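Okay, here's what each chain looks like letter by letter:
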Amino acid sequence: MLRRGLALGCEQCPAFEFYPLEELAQRYRCRRCGAVNDLVQARWKTGASEPEWYYELHPAVAELIDRVVLATAAPAWDTSTTTVARREPHGLRTAGKYTPDLYLLTAVGSSPALELLASAQG
Ligand SMILES: [Zn+2]
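Here's what I pulled together on the structure shown here. (Residues numbered from 1 in each chain as written. Predicted model: local features only at pLDDT ≥ 70, side-chain atom pairs only at ≥ 80, totals over all residues. Heavy atoms only, no water.)

## What about the sheet that holds strand β8 (residues 113–118)?
With mixed pairing, three strands are arranged side by side in an open sheet as β6-β7-β8. Unpaired on one side and paired on the other, β6 (67–71) and β8 mark the two borders of the sheet. Averaged over neighbouring strand pairs, the angle between their axes works out to 30° when direction is ignored. The sheet contact formed by strand β7 (residues 101–106) and β8 spans five bridges and is antiparallel. Considered in β8, the bridge of threonine 106 is made with alanine 113. Across the sheet, helix α2 (residues 79–94) touches β6, β7 and β8, and the angle it forms with β8 is around 50°. (Pairing = 2+ DSSP bridges. Helix = DSSP H or I, 4+ residues; strand = E, 2+ residues; numbered from the N terminus. Axes fitted to C-alpha atoms, helices over the stretch in contact; angles between N-to-C directions. Contact = heavy atoms within 4.5 Å.)

Written out as structure tokens, the structure is:
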């Protein structure tokens, strides 16, 4: 049910997409804009010298999940995290993929608060 692959960016657009192992090659086509990219360090999500493996739920399983909750014990999520978390569903919708509702849970263990960050409806 879990697929291993890489999270790769695009030279032409800001999209990061998950590419499962069976689709990886030295050159790949951006799912969002169709640009052809080389599998080079500038395209992977971290600055590491080698790309890190990412794991994705098989799409058939992911469609059974209608909400995702990101939880932290901190009183608030930092802006860089919420900015990225807001972009992900937009990117998934743009790519025509299923998108769950995304919630942020803060202050776990003290005074928990739940906030809808991004709705599946857009
Ligand atoms: Zn692109």
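## Structural notes on the pattern of salt bridges
Once the charged atoms of two side chains with opposite charge are near each other, the side chains can pair. Applying the stated criterion across every chain, the model contains six salt bridges. Measuring nitrogen to oxygen at the nearest pair gives 3.9 Å for the salt bridge that ties arginine 3 to glutamate 22. Of this pair, arginine 3 sits in strand β1 (residues 2–8) while glutamate 22 sits in the loop between β2 (17–20) and β3 (27–29), and the two are 19 residues apart along the sequence. Among the ionic contacts, a cluster of salt bridges with common partners joins Arg3, Glu22 and Glu56. (Salt bridge = Lys/Arg side-chain N within 4 Å of Asp/Glu carboxyl O.)

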